[in-house]
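Here is how the chains run, residue by residue.
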Amino acid sequence: MKIKYLSQIPSGKEVIIKDVLGCQGFKHRLYGLGIFPGEKVLVFKNDRGPIILKVGNTKLALGRGQAQKILVEEL
Amino acid sequence: MIKVAVVGNPNVGKTALINYLTNSSLKIGNWPGVTVEKKEAYLNYKGENIYFIDLPGIYNFTPYSLEEKITRDYLLKENVDIILNVLDSKNIKKGLLLTSQILEFEIPTLVVFNMWDEVPPNFDINLKNFETLLNVKAVKASAKKGFGKEEILNLILKLKRENYLKPKFIIFRKEIENILKTLPFKRFINVKLLEGDKDILKEYGPRLKEKDLEKLNSQRKLLEKKYKKEISDIIFTERYKWVNTIVFQSTKGNLDNISDLTDKIDDIILNPKLSPFFLIGFIYLFFKVIFLVTDPFIEYIGHIQDLFSSLLSNINFGKFEILKSFIENVFIQGIGILFSFVPLIFVIYLLFGILEDSGIMARIALLSDRFMHKIGLHGNAIIPIVLGYGCNVPAVLSTRVMSTFKEKLILALSLPFTLCTARLPIIAFFGTTFFEKYKSLLTAFIYILSLFLTLFSLFFLKKIFKVESSQEVLIELPSYRFPKISYVFKYALDKVLDYLKGVTSIIFISLLVLYFILNFPPHADVENSLGAYISKLLLPLFSILDINSWQVILSLFPGFIAKESVVASLKEILSLSQTSLNQILSKKGALAFVIFSSFYVSCVATLSAIKKELGYKYAIFSVIFSISLAFLTAFIFSNVIFQVLSCLNMF
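Everything numeric here is computed off the predicted structure, so don't read it as measured data.

Cut-offs and rules
- Residues numbered from 1 in each chain as written.
- Chains lettered and ligands numbered in written order.
- Predicted model: local features only at pLDDT ≥ 70, side-chain atom pairs only at ≥ 80, totals over all residues.
- Heavy atoms only, no water.
- Helix = DSSP H or I, 4+ residues; strand = E, 2+ residues; numbered from the N terminus.
- Rg over C-alpha atoms; globule rule 2.2 N^0.38 Å.
- Contact = heavy atoms within 4.5 Å.
- Buried area = accessible area lost by both parts, 1.4 Å probe.
- Salt bridge = Lys/Arg side-chain N within 4 Å of Asp/Glu carboxyl O.
- Polar contact = N/O pair within 3.5 Å; in protein donor to acceptor, adjacent residues only side chain to side chain.
- Nonpolar A, V, L, I, M, F, W, Y, C, P; charged D, E, K, R; others polar.
- 1 Å grid on protein atoms, 1.4 Å probe; cavity = no way out; pocket = protein on both sides within 12 Å on 5 of 7 lines; lining within 4 Å.
- Points joined across faces, edges and corners; volume = space filled by probe spheres on them.
- Phe/Tyr/Trp six-rings, centres within 6.5 Å; stacked < 30°, edge-to-face > 60°.
- Buried < 20%, exposed > 50% of the residue type's maximum accessible area, 1.4 Å probe, protein only.
- Lys NZ or Arg CZ within 6 Å of the ring centre and 35° of its normal.

Peer 1: What should I look at first to understand the overall build of chain A in this one?
Peer 2: Along the backbone of chain A there are 2 helices and 6 strands. Starting at the N terminus, the α and β elements of chain A follow one another as β-β-α-β-β-β-α-β. The globule rule puts the C-alpha radius of gyration for 75 residues at 11 Å, and the 11 Å found for chain A is close to it. Viewed in the frame of its principal axes, chain A has a C-alpha envelope of about 30 × 25 × 25 Å.

Peer 1: What is the right way to read the interface of chain A and chain B from this model?
Peer 2: It is common to give the size of an interface as the accessible area lost on bringing the parts into contact. Counting residues at the interface gives 35 residues for chain A, matched by 39 residues for chain B. When chain A packs against chain B, close to 3,200 Å² is buried across both sides, 50% of that on carbon and sulfur atoms. On the chain A side of the contact with chain B, His28(A), Asn57(A) and Lys59(A) bury the most area, a combined 19% of that side's loss. Counting across the interface, chain A meets chain B through 6 salt bridges. Our enumeration of links across chain A and chain B arrives at 20 residue pairs in polar contact (both at pLDDT 80 or more). Elements with a minimum of two residues in the side of chain A that touches chain B: helix H1 (24-32), strand E3 (40-45), strand E4 (51-55), strand E5 (58-62) and helix H2 (64-67) of chain A. When residues in the side of chain A that touches chain B are grouped by element, the largest group, 8 residues, is from H1(A). When the residues that make up the side of chain A that touches chain B are grouped by side-chain class, the tally is 13 nonpolar, 12 polar and 10 charged.

Peer 1: Is there a simple way to explain empty space enclosed by the protein in this structure?
Peer 2: Taking a probe equal in size to a water molecule and rolling it over the atoms shows the remaining empty space. Inspection of every chain in the model, using the stated rule, returns 1 cavity of 30 Å³ or more. If you go around the largest cavity, the residues you meet are His28(A), Asn60(B), Phe61(B), Thr62(B), Gln101(B), Lys192(B), Glu195(B), Ser232(B), Phe236(B) and Arg239(B). Residue assignment for the lining of the largest cavity shows that the elements contributing at least two residues are helix H7 (187-195) and helix H10 (231-250) of chain B. Here the lining of the largest cavity gets 3 residues from one element, more than from any other, and that element is H10(B).

Peer 1: Looking at this model, I keep getting lost on the packing of aromatic side chains. Mind explaining?
Peer 2: Centre distance and the angle of the planes are the two values used to describe a pair of aromatic rings. Scanning all chains against the criterion turns up 41 aromatic pairs over all chains. Ring geometry for Phe417(B) versus Phe625(B): centroids 5.8 Å apart, planes at 85°, classification edge-to-face. Of this pair, Phe417(B) sits in the loop between helix H18 (405-414) and helix H19 (424-434) while Phe625(B) sits in helix H29 (residues 616-647), placing them 208 residues apart in sequence. Note on Phe417(B): relative accessible area 0%, which makes it buried. A relative accessible area of 10% places Phe625(B) in the buried class. Centre to centre, the rings of Phe542(B) and Phe631(B) are 5.9 Å apart; their planes meet at 75°, and the pair counts as edge-to-face. Of the two residues, Phe542(B) is situated in helix H22 (residues 530-543) and Phe631(B) in helix H29; the sequence distance between them amounts to 89 residues. Residue Phe542(B) is classed as buried on the basis of its relative accessible area, which comes to 6%. Of the aromatic side chains, those joined through ring pairs into one cluster are Phe405(B), Phe417(B), Phe452(B), Phe456(B), Phe460(B), Phe465(B), Tyr618(B), Phe621(B) and Phe625(B). Directly above the ring of Phe44(A) sits Lys59(A), whose terminal nitrogen or CZ lies 4.6 Å from the centroid.

Shape descriptors only; they carry no functional weight alone.
Written out as structure tokens, the structure is:
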């Protein structure tokens, strides 16, 4: 399967987190929110502005720039 | 007394749970020196006093946010007897990630699976297994549906009585444990030292022998080199592994992607084509409600103030007649100002409470972020800015929605440039007197200028205070739920008391100073008062703006108390000195005056709100900053417009 950036995934698709790039602080914040390599995440909305994810049963909004630091694999 | 620290992720219903456990006796304040809310409650249960402290909701114990630091320091230093770890039962994995770190404080722990009523029927958790695996106590509960209370309270008593239940923390891989074994502190500190946490290293590092510290650093480097990962990443991997094991061994059924009403509503509201309409409609409604509800009250308070004044005028002070005006102008007016904002603040906090509790606030912040981000601000800045156009006081108080102090700082200092409704009478009065034909144009111009100045001020202060460009949003959108009205009411009431405590002194000090400026020496007429003297001193400065009359300058002083009094006092001063405005002020001067008086210091109450939120230093800064910027703007725009308009022969 091809690795993509989270920002490239259309609404409604489920993905597996592969890696989180960026500084320690950013990575730890995402890890705490449940975005960790190996975890499953649903892209709830990805159209304009921030991307909305469903991690477990929590909805999370994150900016596009941040989504470009998250590597994922489509399911 | 049993000290119970309530810890958990944000939006897991910690506050509601404490409220439920203590029969709604929660008190809301602030942590000393910061604007993070501090909530605590006491309960006497079966003869034992239990103290609950609601620690800020967090995801991790990293040193990156204020909330994380507060929670960490409290657990390390405040002799907590029991940790009440609250989890959202629908989000067990995320909750357990924090639990894995909580266990390392080695404090007896009670895990509450809150919102248990919301999990699907095929999901269940085996509490016995869970308790054995972690060596903690665990309960299923729902503050909303009202179950689990007795069990939680009894377990708190039991944990205290037995006081031996040391939680079982994660045992990491051997190489890591071998290093941790050599460190002498609590598990939590040891792990953080190994991770190289800056705060913990600074505080506990010096307590190690120098060669031990060096050894620790070299061991950390060695491990990181071996795994080509930072040590905190390795530890996170182990935590995630542990979480998955615990979930596997103590739960059955599936929690994956419960699609609920929240998803359906979000599907519509967050749709990019529809969302602007929702946002605008929502903000409109917000203000409509605020002013619809508060206007009658504000009028009422005005009447009460008048009543006191008239009562006062009937009292014979004899020789001390001068005291009468002092009492009226300082005390009655002060109390009037203080209380005239109470309904407004109460209603706004009530709405804030409802919006936050229901999950709507997070959506507003998200939707506004799309365009607020372009001007370098977080989405949540929209509320204070829009509020400012109604009244600056609640706007400043509401800057607490900003996530960092610096963002709050630049926003609170820029809000006085938003044109509150109290300034409209000045524009109307000068418009009628000087620019009859262009009155509405003048009003529109001042509004645009206000928006421009607010943005300019934000931009400028950002540079001055070196605020980093705002980061992108990263917010949780909690599920929609009905807010608990009794809690929201109490919250708003606590906030009003907090406001009264915070602003009273500065309002009275300002009124006192102004009283002396306007009424000293006693029995002097306007022309010879201290205020007139100061105004005359300021004449050369104001003549730059083509304002050449001390009477006009004098009217600016009462404007400090409330902007709407500029017009009234100007009329009074003019009648006392028997001249008319047209005689003493040019059109250019009038334009400059309208601009200046619209934007110099918004009012005493706003200033006191700034002092309450940021302290005296920044309140004084705000005075100097707003006066300078107002003066500069008045100078530039009156000249430019005057030049342009005289060329067009419109003046």
